[in-house]
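Each chain is listed here by its residues.
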Amino acid sequence: MSGIHVEGLGKRFGERTAVEGLSFHVRPGEVFGLLGPNGAGKTTTVRMLTGLLRPSEGEATVWGHPVDGDGEPLRKVVGLLTEQPGLYDRLTARENLRFFMKLHELDEARAWPRALHYLERFGLGGREEEPVGGFSKGMRQKLAIVRTLVHDPKVIFLDEPTSGLDPESARTVRDAVAELASEGRTIVLCSHNLAEVERLCERVAVVKRRLLAIGPVKELRRAGHALDVRVDGEAERYRNVLTSLPFAPNVLAEGARLRVMLADEAHAPDVVACLVGAGARVHSAVPAQRPLEEVYLELLREGRG
Amino acid sequence: MAFRPRRALAVFWKDFLDLRKNVGLLVSMAVLPTVMVLVPIGVVWSYVRTPNHADLRSVALFYDPSLPLGASAARFLIDKTLTDWFGMFLVMPVFVPILIASQSVAGEKERRTLEPLLASPVTAAELVTGKSLAALVPAVAITWVAFVFFCVGVDVVAWPLVKMPLMPDALWTFGVFVIAPLFAFFGNGVAVLISARVSEARMAQQLSALVVLPIVGMVGGQVAGFLKAGLGYYALQGAVVLVLDAILLWASIRLLDRERLVSRWG
């Protein structure tokens, strides 16, 4: 069973519950976003799925390997990029990578060309004999990514992969992530960079100890019933008319556009009727996609309540 | 979970490579053997320089009131120094692995390298084995090299008086090749255990180093005349340390539990 299958997963540390009742599936070839504020349980979830922590409840398999088993076969198929690069400063880039090749019992003659390919792709070609202690933050991050990929993992967990990278390097990493997914690997991306998540992930899960929402990014952005209305002239003059409606508590006006948040999608015709009644010439009224950031913050607010 | 020697050797290789590039640690490791070799040579030389000094006899009689009148007090004190110093020499195989193992285990936490390492297929037993080898091999090698210098130095210095090689004798040969590795294993085990519980390499070193105090204390007891050192005495120490080694090995593998380490330090 490839991909990731999680059912009712939970973790307690003594009296404290870090994660509870998580359920989701990630397909092979999918880039899945795991979102949540600091302390929401993302890292704990990733640690359970990489065999570093044993779940307190529920079950999960990663590429067919149960996470509550002895963990060794599981750790052979996963690659984990931690938030901190975690490299050995006195060792060279090559020695750092060779160490992980040895831990994965790889044939170095075969594994090194793959490592070299990624080093070159991330702009580290020719730097492999230099001690890592002299690398910049971005170079260290890129080397840590290469280390994550050196054993050709089927499932890759990336925690803030573009942290500390310049825009060009971040683009290279994003392209590499998309390419790895296209090769059939399952990728879980933990990031606070929501623009990056929107760009890379087909689906996301928002967690805050428990699962707050899960679904395709497009659907989540559509959720919450917003309506984009284009009118003739300045939209601002119709804003007050709409805010007086009980089902449209939040209205934004910009140029000729009105963004109307609705309590219920069924009120969309009422908004149009109200505008027409107020003398507006309505050109279009379409369900709006909200920025992921807005959806995310709203979910967290609801989760807090 | 099968034990894969290749992975344990990978940990050993990495730690050994890291040690070779750690100049500060290498200097710290060189100081102790230098002292351990030079001090007894200096003491032997002081006896050889004035073998008929009246005070030497008084000192010798303090340790052995039945010392025959015709016996050389200087020779007696040289033999006693060499026998007693072996106890002090054992500080080296205990202390050197403490320096290395504290760096290699607590150092992984400090450098935030622990989580990527634990996310690899390496098992706790392989990790403990690899890290222990990386501390034990240099410690035992340094002890043996220091022993060679010690033997040569003592023999050269003592020759004018005794006209024969004193070292290596049976006690030192047995001690350095059998007891010293057991003590090295002990120092390493203590350092691994403490490193698994604390967050900083320096704190791990300071706490682990406390285990040398009983050893120094026993040597103090020998010098004060309360304890009489000899082959049997050191063999008994070795047997006690062997039992402690087994306990430490078991505890180290248990304490290097992946979940415990990650949830506390990862």
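The rules behind the values
- Residues numbered from 1 in each chain as written.
- Chains lettered and ligands numbered in written order.
- Predicted model: local features only at pLDDT ≥ 70, side-chain atom pairs only at ≥ 80, totals over all residues.
- Helix = DSSP H or I, 4+ residues; strand = E, 2+ residues; numbered from the N terminus.
- Buried ≥ 20, exposed ≤ 12 C-beta atoms within 10 Å, placed from the backbone.
- Arc of directions from axis to C-beta.
- Contact = placed C-beta atoms within 7 Å.
- Pairing = 2+ DSSP bridges.
- Axes fitted to C-alpha atoms, helices over the stretch in contact; angles between N-to-C directions.
- Expected span 1.5 Å × (residues − 1).
- Nonpolar A, V, L, I, M, F, W, Y, C, P; charged D, E, K, R; others polar.

### Structural notes on the overall build of chain A
Consideration 1: A tally of regular secondary structure across chain A gives 11 helices and 14 strands.
Consideration 2: Principal-axis analysis of the C-alpha atoms gives chain A an extent of 75 × 45 × 30 Å.
Consideration 3: Going through the 305 residues of chain A one by one, you find that 43% of them count as buried.

### With respect to helix 9 (residues 201-208) of chain B
Owing to its 3.6 residues per turn, the α-helix aligns residues three or four sequence positions apart on the same side.
All names here are of chain B.
Consideration 1: Within helix 9, burial applies to A201, A204, Q205 and S208. Buried residues of helix 9, seen end-on, are gathered within an arc of 100° and therefore sit on one face of the element.
Consideration 2: Looking at the buried side of helix 9, the elements it contacts are helix 5 (91-110) and helix 8 (170-197).

### Side note on the sheet that holds strand 12 (residues 250-254) of chain A
Residue and element names in this part refer to chain A.
Consideration 1: Spatially, 12-13-11-14 is the arrangement adopted by the four strands of the open sheet, whose pairing is antiparallel. One side of each edge strand has no neighbouring strand; the edge strands of this open sheet are strand 12 and strand 14 (282-287). Put simply, the sheet's adjacent strands are angled 15° from each other on average, direction ignored.

### Considerations on helix 11 (residues 231-255) of chain B
All names here are of chain B.
Consideration 1: The end-to-end C-alpha distance of helix 11, which contains 25 residues, comes to 35 Å, matching closely the 36 Å that a straight helix rising 1.5 Å per residue would cover.
Consideration 2: Among the residues making up helix 11, those that are buried are Y234, Q237, V241, L248 and S252.
Consideration 3: Packing partners of the buried residues in helix 11 comprise helix 4 (73-89), helix 7 (124-162) and helix 8.

### A closer look at the environment of B:S208
Consideration 1: Mapped onto the fold, B:S208 is located in helix 9.
Consideration 2: Between the C-alpha atom of B:S208 and that of B:N188, which follows or precedes it by 20 residues, the distance is 9.0 Å.

### Let's talk about the interface of chain A and chain B
How big an interface is tends to be stated in terms of the accessible area lost upon association of its parts.
Consideration 1: Contact residues are listed per partner, giving 26 residues for chain A and 26 residues for chain B.
Consideration 2: Counting only elements with at least two residues in the side of chain A that touches chain B, the list comes to helix 2 (72-77) and helix 3 (93-103) of chain A.
Consideration 3: Per-element tally for the side of chain A that touches chain B: the top contributor is helix 3 of chain A, with five residues.
Consideration 4: For the side of chain A that touches chain B, a count of residues per class yields 10 nonpolar, five polar and 11 charged.

Remember that the coordinates give geometry; whether it matters functionally is a separate question.
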